[in-house]
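Structural overview for review
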Amino acid sequence: MIKTKAQMRHAVIEHMRDGEGEIRLEHILENDETGGRTSLCSVCTVEPGCSIGLHTHDTNAEIYYMLEGQLELNQNGRLCTIQAGDVVFTADGESHSVANRGEKSAKLLAVIFPQ
């Protein structure tokens, strides 16, 4: 399968996972396009002052791969800064959140794998 950028669905989610502001999503692949192997495969744009709220993964795991900018990450209560080129794996039963505390947009690739 080949999918062009023009074929990708876009969405804006307000207060994602009870976070601040809005998150823009570019859905790279849809669930049915991966045969159910992913439940999310999207580039997320996080503007300054916006965040994805703290949430726990139950029955799935998630990878964040930072593409641009930097974000404050809370993973299981541990705070750190992630930036372009960094990868985060959140396993089933673990929790995480991200917030853009900077002055520039940040982008990450998010992939959720059902268990």
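What you are looking at is a predicted structure, and each value in this text was computed from that prediction instead of being measured.

Phi is mostly negative for residues that are not glycine, and the peptide bonds are mostly trans. Residue H15 is not a glycine yet carries a positive backbone phi of 50 degrees. Position of H15 relative to the elements: it lies in the loop between strand 1 (9-14) and strand 2 (22-29). For H15, a relative accessible area of 46% corresponds to the partly exposed category. Unusually for a residue other than glycine, N76 sits at a positive phi of about 55 degrees. As for its placement among the helices and strands, N76 is situated in the loop between strand 6 (70-75) and strand 7 (78-83).

By size, the foremost hydrophobic cluster in this structure holds 19 residues, and its most contacted members are I23, Y64, L71, I82, V98 and L108. At the level of secondary structure, the elements contributing two or more residues to this core comprise strand 2, strand 3 (40-46), strand 5 (60-68), strand 6 and strand 10 (106-114). The element that contributes the greatest number of residues to this core is strand 10, accounting for four residues. Once residues lying within four places of it in the same chain are set aside, the contact partners of L71 are V46, M66, C80, T81, I82, V98, A99, N100, A106 and L108.

Here we take up the sheet that holds strand 7. Think of a sheet as strands paired side by side through backbone hydrogen bonds, with each pair either parallel or antiparallel. If you trace the four strands from one edge of the open sheet to the other, you get 4-9-6-7, paired in antiparallel fashion. Each edge of the sheet is formed by a strand with only one pairing partner; in this case those strands are strand 4 (51-56) and strand 7. Here the strands of the sheet are splayed against their neighbours by 20 degrees on average, with no regard to which way each runs.

Should the sulfur atoms of two cysteines be covalently bonded, the bond is a disulfide. Within this structure, the stated rule accounts for zero disulfides. With no disulfide of its own, C50 has C44 as its nearest cysteine by sulfur position, at a separation of 12 Å. In this structure C80 is not part of a disulfide, and its nearest cysteine sulfur, from C44, lies 17 Å away. A relative accessible area of 24% means that C80 is categorised as partly exposed.

A word on the pattern of salt bridges. Following the criterion strictly, the structure yields five salt bridges and no others. One salt bridge connects E33 with K3, and the closest N-O pair in it is separated by 2.9 Å. Remark: K3 occurs in the segment before strand 1 and E33 occurs in the loop between strand 2 and strand 3; sequence separation between them is 30 residues. A salt bridge links E47 to R24, with the nearest nitrogen and oxygen atoms 2.9 Å apart. Here E47, found in the loop between strand 3 and strand 4, pairs with R24, found in strand 2; they are 23 residues apart in sequence, far enough to count as distant.

Turning our attention to the sheet that holds strand 10. The antiparallel open sheet is built from six strands, whose spatial order is 1-2-3-10-5-8. Because the sheet does not close on itself, it has two edges, and the strands there are strand 1 and strand 8 (87-90). Strand-to-strand twist of the sheet, defined as the mean angle between neighbouring strand axes without regard to direction, takes the value 25 degrees.

Reading guide: rules and limits
Per chain, residues are indexed from 1 in the order of the written sequence. Two thresholds apply to this predicted model, a pLDDT of at least 70 for residue-level local features and 80 or more for giving and counting side-chain atom pairs, whereas whole-chain, interface and lining totals are computed over all residues. As a convention, hydrogens and water are excluded, and side-chain values are obtained from all of the structure's heavy atoms. Note on conventions: DSSP H or I runs of at least 4 residues are helices, E runs of at least 2 residues are strands, and numbering of each starts at the N terminus. A simple rule labels every residue: compare its accessible area, found with a 1.4 Å probe on the protein chains alone, to the largest value its type can have, and call it buried under 20%, exposed over 50%, or partly exposed in between. Within this scheme, the nonpolar core is defined by two criteria: the residues are buried Ala, Val, Leu, Ile, Met, Phe, Trp, Tyr or Cys, and they are joined through side-chain atoms within 4.5 Å. A contact between two residues is defined here by any heavy atoms of the two lying within 4.5 Å. Any two strands are treated as partners once DSSP identifies two or more bridges connecting them. For helices, the axis comes from a line fit to the C-alpha atoms of the stretch in contact; other axes are also lines fit to C-alpha atoms, and the angle between any two N-to-C directions lies between 0 and 180 degrees. Defined by distance alone, a disulfide is two cysteine sulfur atoms within 2.5 Å. The salt bridge definition used is simple: a Lys or Arg side-chain nitrogen within 4 Å of an Asp or Glu carboxyl oxygen.

Read these as layout, nothing more, since geometry by itself doesn't imply function.
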